[in-house]
Number of protein chains: 2
Amino acid sequence: MRVFTTVDQRIAEQTIGRLSLYRRLLDTLMRDCVEHVYSHQLAEKTGFTSAQVRRDLMAVDTAGNTRRGYDVGELTRAIDDYLYAPSGQQVAVVGIGNLGRALLTFFSGRRPKLSVVAGFDVDEQVVDRVIHGCRVYHMDEVDRVVAEDEITLAMLAVPSEAAQPAADVCIAAGVSGILNFAPVRLKVPPSVYVSHVDLTMYLEMVAFFARQTDGDKGD
Amino acid sequence: MRVFTTVDQRIAEQTIGRLSLYRRLLDTLMRDCVEHVYSHQLAEKTGFTSAQVRRDLMAVDTAGNTRRGYDVGELTRAIDDYLYAPSGQQVAVVGIGNLGRALLTFFSGRRPKLSVVAGFDVDEQVVDRVIHGCRVYHMDEVDRVVAEDEITLAMLAVPSEAAQPAADVCIAAGVSGILNFAPVRLKVPPSVYVSHVDLTMYLEMVAFFARQTDGDKGD
DNA sequence: ATTCAGTTGTGACGCTATTCACAGGATAAG
DNA sequence: CTTATCCTGTGAATAGCGTCACAACTGAAT
Ligand SMILES: NC(=O)c1ccc[n+]([C@@H]2O[C@H](COP(=O)([O-])OP(=O)(O)OC[C@H]3O[C@@H](n4cnc5c(N)ncnc54)[C@H](O)[C@@H]3O)[C@@H](O)[C@H]2O)c1
Ligand SMILES: NC(=O)c1ccc[n+]([C@@H]2O[C@H](COP(=O)([O-])OP(=O)(O)OC[C@H]3O[C@@H](n4cnc5c(N)ncnc54)[C@H](O)[C@@H]3O)[C@@H](O)[C@H]2O)c1
């Protein structure tokens, strides 16, 4: 009975999200040859508070210097160690339509630790094509390709009615994490982690709150 | 009796997001000619608790029947009244690259209350083309088109370095809500509402938590 | 008319994330 | 060395959200 073998402490999803943002910020600092950074600087650039930043960084194995702040290189390594699998994780995009194609193009060959290596679809027009260096396979080949390429994550960009079956196929093949863009709630075993990105919902939220702020400006 | 004074009560962003989900669910119920629905049914289909659903619905002007649950038609109208502007809101997609094109195709002419009516880009190859019934204009025309079409919302899908300037142009033209897909934090006046959809962050979160459930990947 | 089963609406509560606030620490300057 | 300054790390306080639990209610059955 193993629960959280690698991670000793429960960690908030929000913290992981913010760590990912800090990590990307560190890349730009590194590019600008910045050597040290304070929590309040990371806070300023991400829109969180400095206390939030320091609290988040408690999760990773790092030690800030009370006078110089955090060493950029060391902090980068610490977050990497915490956030990414040592050997990396492979990702597939399922459903190479308008959205899937954008995802495939954007994420293929981007990060060494998290690389999109394959696409899947049922449409003969797309199958066997190579998009941005990524081969698109037929759904029938999920089992084989997922095993061969050691794919553990899937981004689902298929029509709603195809989402659950497609997820089932991926899970049966060994995928343990799904980023779902279809507007349906997936039923998955507890060993699989699903995150649901509902763009329509986000747009409606922006529409609502934009109107709230609108009313405030009195002309 | 409830009168529509301004929305004086602070409402949680999460609640608005969930209302959007309930609203979409009601469409499918309506299509199936379901007349009444219980909070626990909405809960089951969305993955929240029934108490959560009822709590959320307190925000909208509705009254459930203690025996039959909520009237689907009435609840739909109530959420619509609460969530959407009476006259609708127009949306533009800025940056018609891979992602922008997917957004434009997906959201154009979809909902009467929230319709994408224009695209903007700087690339001559895209400008003046019509995608899924939506004309793509040059960024120079933002001012004119936003005013003419009464656009109040923008979905930003431009490269990171172009995001802040593009946002500034939109805001100057009168846009008060932005859904930003570029991985940068936008600086905007308080009268503008910005929501940041960071797909890289979501993917990294899925990668992290998928590994937690995975456990050891050896043999 | 009365009972009964099953629901809504909501005050009270509890949990978790975030912020506060400060002890302790590093460095530069005198 | 000593002081001044401004940082980190973190216990404690706070705030925000979701859940519990139950009174009030509805309609059906008898
Ligand atoms: N495009 C967007 O901006 C956008 C926005 C919000 C939500 N979404 C959601 O994302 C999903 C994809 O959107 P899209 O615009 O790319 O749609 P799309 O129709 O352009 O693409 C869907 C793709 O999935 C493939 N497909 C269909 N059935 C399949 C199956 N059983 N297995 C594998 N592949 C299958 C199709 O061949 C097609 O290539 C939809 O669920 C949509 O609701 C998209
Ligand atoms: N495609 C994805 O799946 C994906 C995933 C995560 C994040 N993003 C982000 O979304 C944004 C767009 O991604 P993409 O893949 O569509 O990129 P893309 O390069 O395909 O498209 C960018 C578009 O913006 C246009 N553009 C450039 N400068 C502009 C300006 N100043 N004003 C208006 N338009 C301008 C370009 O002509 C191009 O059409 C990027 O910031 C990217 O980081 C995309």
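I will try to describe carefully the structure that is included in this document. (Residues numbered from 1 in each chain as written. Chains lettered and ligands numbered in written order. Predicted model: local features only at pLDDT ≥ 70, side-chain atom pairs only at ≥ 80, totals over all residues. Heavy atoms only, no water.)

**Some thoughts on the overall build of chain A**
Counted only if it meets this: Helix and strand definitions here come from DSSP, where helices need a minimum of 4 consecutive H or I residues and strands a minimum of 2 consecutive E residues; each element is numbered from the N-terminal end. Burial classification: accessible surface area is computed with a 1.4 Å probe over protein chains only, and a residue below 20% of its type maximum counts as buried, one above 50% as exposed, and the rest as partly exposed. Residue contacts are counted whenever heavy atoms from the two residues lie within 4.5 Å of one another. Methods summary: accessible areas were calculated by the Shrake-Rupley approach with a probe of 1.4 Å, and residue burial reflects only the protein chains presented. As used throughout, the charge tally considers Lys and Arg to be positive and Asp and Glu to be negative, leaving His and the chain termini uncounted. Charged groups are reduced to one reference atom each: NZ for lysine, CZ for arginine, CG for aspartic acid, CD for glutamic acid.
Per the secondary structure count, chain A includes eight helices and nine strands. On the principal axes, the C-alpha backbone points of chain A span a range of 60 × 55 × 40 Å. Taken across its 219 residues, chain A has 51% of its residues classed as buried. For chain A, restricting intrachain contacts to residue pairs at least 6 apart in sequence, the fraction spanning at least 24 positions comes to 54%. Total accessible area on chain A stands at roughly 11,100 Å², and carbon and sulfur atoms take up 49% of it. Charged side chains of chain A number 23 positive and 29 negative; the gap between the two group centres comes to 7 Å.

**Notes on the relation of the copies chain B and chain A**
Put simply, the rule is: When the copies are superposed, the least-squares fit draws on C-alpha atoms of residues that have pLDDT of at least 70 in both.
Expressed as a screw transformation, the operator carrying chain B onto chain A has a rotation angle of 180° and an axial translation of 0.0 Å, and the superposed copies differ by an RMSD of 0.1 Å. Read as a symmetry element, the transformation amounts to a two-fold axis. Relative to the rotation axis, the closest C-alpha in chain B is found at L99 of chain B, a distance of 3.4 Å.

**Overview of the site of ligand 2**
The criterion, for reference: We call a residue near a given molecule or strand whenever any one of its heavy atoms falls within 4 Å of it. Definition of a polar contact: a pair of N or O atoms within 3.5 Å, with one able to donate and the other able to accept a hydrogen when the atoms are protein atoms, and with sequence-neighbouring residues admitted only if both atoms are side-chain atoms. Put simply, Ala, Val, Leu, Ile, Met, Phe, Trp, Tyr, Cys and Pro go in the nonpolar bin, Asp, Glu, Lys and Arg in the charged bin, and everything else, Gly too, in the polar bin.
Lining the immediate surroundings of ligand 2 are 22 residues, of which G97, N98, L99, D121 and V158 of chain B lie closest. Looking at what sits near ligand 2, you find residues from chains A and B. Take N98 of chain B: an N or O atom from its main chain is 3.0 Å from an oxygen atom of ligand 2. A distance of 2.6 Å separates an oxygen atom of ligand 2 from a polar atom in the side chain of D121 of chain B. Surface burial for ligand 2 is 81%, taken as the share of its 820 Å² of free accessible area covered by protein chains. Among the elements of the structure, α5 (98-107) of chain A together with α5 (98-107) and α7 (160-173) of chain B are those that each provide at least two residues to the shell around ligand 2. The greatest single-element share of the shell around ligand 2, amounting to four residues, is contributed by α5 of chain A. Partitioned by chemical class, the residues of the shell around ligand 2 number 16 nonpolar, four polar and two charged.

**Some remarks on the pairing of strand β3 (residues 89-94) of chain B**
All names here are of chain B. Note the cut-off: Paired strands, as defined in this entry, are two strands with at least two bridges between them according to DSSP.
For β3, a buried count of six out of six residues is recorded, marking the element as mostly surrounded by other parts of the structure. In β3, alternate side chains face the same way, and those of Q89, V91 and V93 on one face and Q90, A92 and V94 on the other are all buried. Across six bridges, β3 lies against strand β4 (residues 114-121) in parallel orientation. Opposite Q90, over in β4, you have S115 as the bridge partner. Note that β3 and strand β7 (residues 151-156) share five bridges and pair parallel. Within β7, the residue paired with V93 across the bridge is M155.

**Brief notes about the packing of aromatic side chains**
This is how the line gets drawn: Two aromatic rings, drawn from Phe, Tyr or Trp (for Trp, its six-membered ring), form a pair once their centres lie within 6.5 Å of each other, and the interplanar angle then sorts them: stacked below 30 degrees, edge-to-face above 60, tilted otherwise.
Scanning the model with the defined rule gives 13 aromatic pairs over all chains in all. Judged by centre distance (5.1 Å) and plane angle (20°), the rings of Y193 of chain A and F209 of chain B are stacked. Of the two residues, Y193 of chain A sits in strand β9 (residues 193-196) while F209 of chain B sits in helix α8 (residues 199-214), which places them in two different chains. The pair formed by Y193 of chain A and F209 of chain B is uniform in burial state, with each residue classed as buried. Measuring from centroid to centroid gives 5.3 Å for F208 of chain A and Y82 of chain B, while their planes differ by 35°, and the two rings are tilted. Taken together, the residues F208 of chain A in helix α8 (residues 199-216) and Y82 of chain B in helix α4 (residues 72-83) connect one chain to another.

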